[in-house]
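Structure at a glance
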Amino acid sequence: MIDALSDFLKSQGYENVYIDNLPDEDTSPEAIGIFCWSNSVAELSDGSGTYYVQLQVRRKTAAEARKVCMDLFQLLDSGLDEEILHLNEDRWCIARPRRGPTIIDRTAKTTTYYCETALWGEM
């Protein structure tokens, strides 16, 4: 699911997307990190489950980091009608926002915001 989410973000025009990693700010000052902090399987054992994902967005300015993070937060929301997001050719999910953009780090060079979402679909 996490690899498919990376594919999806890249297909939406986002660059420098990393899984379980946010490279050093000197190497890549503008980056998006995808971190799966937990997952659970359905009680019915139907092959589905939920991935709890944190997205970290680092940019050169706080305003840009917050804007991109908010854009991702809104992009990864299936809404009240639970619209299916087709992440790539093989994977789909229903996305539920959990925590909106919040600052996580600020240095002299960059600012990082994060948001959290839950992705339900096939494990």
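Every chain is numbered independently, its residues counted from 1 as its sequence is written. Per-residue local features are limited, in this predicted model, to residues with pLDDT of at least 70; the limit for side-chain atom pairs, both in listing and counting, is 80 or more; totals at the level of whole chains, interfaces and linings are taken over all residues. Note that water and hydrogens are dropped before the side-chain values are worked out from all heavy atoms of the structure.

Structural notes on the packing of aromatic side chains
The following threshold applies: A pair of Phe, Tyr and Trp rings is counted when the ring centres sit within 6.5 Å of each other, with Trp represented by its six-membered ring. The angle between the planes then sorts it: under 30 degrees is stacked, over 60 is edge-to-face, the rest tilted. The helix and strand labels rest on DSSP assignments: H or I over at least four residues marks a helix, E over at least two residues marks a strand, and numbering proceeds from the N terminus.
With the rule as written, the count across this model stands at two aromatic pairs. A ring pair is formed by Trp37 and Tyr52, whose centres lie 5.4 Å apart and whose planes are at 40°; its orientation type is tilted. Of this pair, Trp37 sits in strand β2 (residues 31-41) while Tyr52 is found in strand β3 (residues 48-59), placing the two residues 15 residues apart along the sequence. For the pair Trp92 and Trp120, a centre-to-centre distance of 5.5 Å together with 65° between the ring planes defines the contact as edge-to-face. Separated by 28 residues along the polypeptide, Trp92 in strand β5 (residues 92-106) and Trp120 in strand β6 (residues 111-122) bring together distant segments of the chain.

Examining the sheet that holds β2
Sheets are built from strands paired through backbone hydrogen bonds, the pairs being either parallel or antiparallel. Stated precisely, the cut-off is as follows: What makes two strands pair is DSSP finding at least two bridges between them. Any two residues whose heavy atoms approach within 4.5 Å are treated as being in contact. Helix axes are fitted to C-alpha atoms over the stretch in contact, other axes to C-alpha atoms as well, and angles between N-to-C directions run from 0 to 180 degrees.
Strand order across the open sheet formed by six strands is β1-β2-β3-β6-β5-β4, with mixed pairing between neighbours. Since the sheet does not close on itself, it has two edges, and those belong to β1 (17-19) and β4 (85-86), each with one partner. Both β4 and β5 contribute to a ladder of two bridges, which runs antiparallel. Note that in β5 the partner of His86 across the bridge is Trp92. The strands that helix α2 (residues 62-75) touches are β2, β3, β4, β5 and β6; relative to β6, the one it contacts most, it runs at about 10°.

Description of helix α1 (residues 2-11)
The following threshold applies: For each residue, the accessible area found with a 1.4 Å probe, counting protein chains only, is set against the maximum for its type, and the residue is called buried under 20%, exposed over 50%, and partly exposed in between.
Turning to α1, its buried residues are Ile2, Ala4, Leu5, Ser6, Phe8 and Leu9. Close packing links the buried residues of α1 with β1, β2, β3, α2, β4 and β6. One or two steps after α1, the chain reaches Gly13, where phi turns positive at roughly 100°.

Topic: the environment of Asp77
Test applied: Distance and chemistry together define a polar contact, namely a pair of N or O atoms within 3.5 Å, with one atom able to donate a hydrogen and the other to accept it when in protein, and with adjacent residues in sequence counting only for side-chain atoms on both sides.
Tracing the chain through its elements places Asp77 in the loop between α2 and β4. Taking the C-alpha atoms as reference, Asp77 lies 18 Å from Asp3; in sequence the two are 74 residues apart. Once residues lying within four places of it in the same chain are set aside, the contact partners of Asp77 are Ala95, Arg96 and Pro97. Separated by 2.8 Å, the side chain of Asp77 and the backbone nitrogen of Gly79 make a polar contact.

Quick look at the pairing of β5
Where β4 hands over to β5, the hairpin turn is made up of five residues, counted between the paired strands. Here nine bridges tie β5 to β6, and the two strands are oriented antiparallel to one another. Bridging across to β6, Arg99 finds its partner in Glu116. Between β5 and β6, which pair antiparallel and follow one another directly, the connecting turn spans four residues.

Re the nonpolar core
Side chains of a nonpolar character, in soluble globular proteins, are inclined to be buried together. Let me state the cut-off plainly: The definition of a nonpolar core used throughout is a set of buried Ala, Val, Leu, Ile, Met, Phe, Trp, Tyr and Cys residues joined through side-chain atoms within 4.5 Å.
Core analysis: the biggest nonpolar cluster contains 27 residues, and Leu5, Leu9 and Leu55 have the highest contact counts within it. Mapped by element, the contributors of at least two residues to this core are α1, β2, β3, α2, β5 and β6. In contact with Leu55, not counting residues within four places along its chain, are Leu5, Leu9, Gly33, Ile34, Leu72, Leu76, Tyr113, Tyr114 and Cys115.

By themselves, these observations are geometric and do not establish any function.
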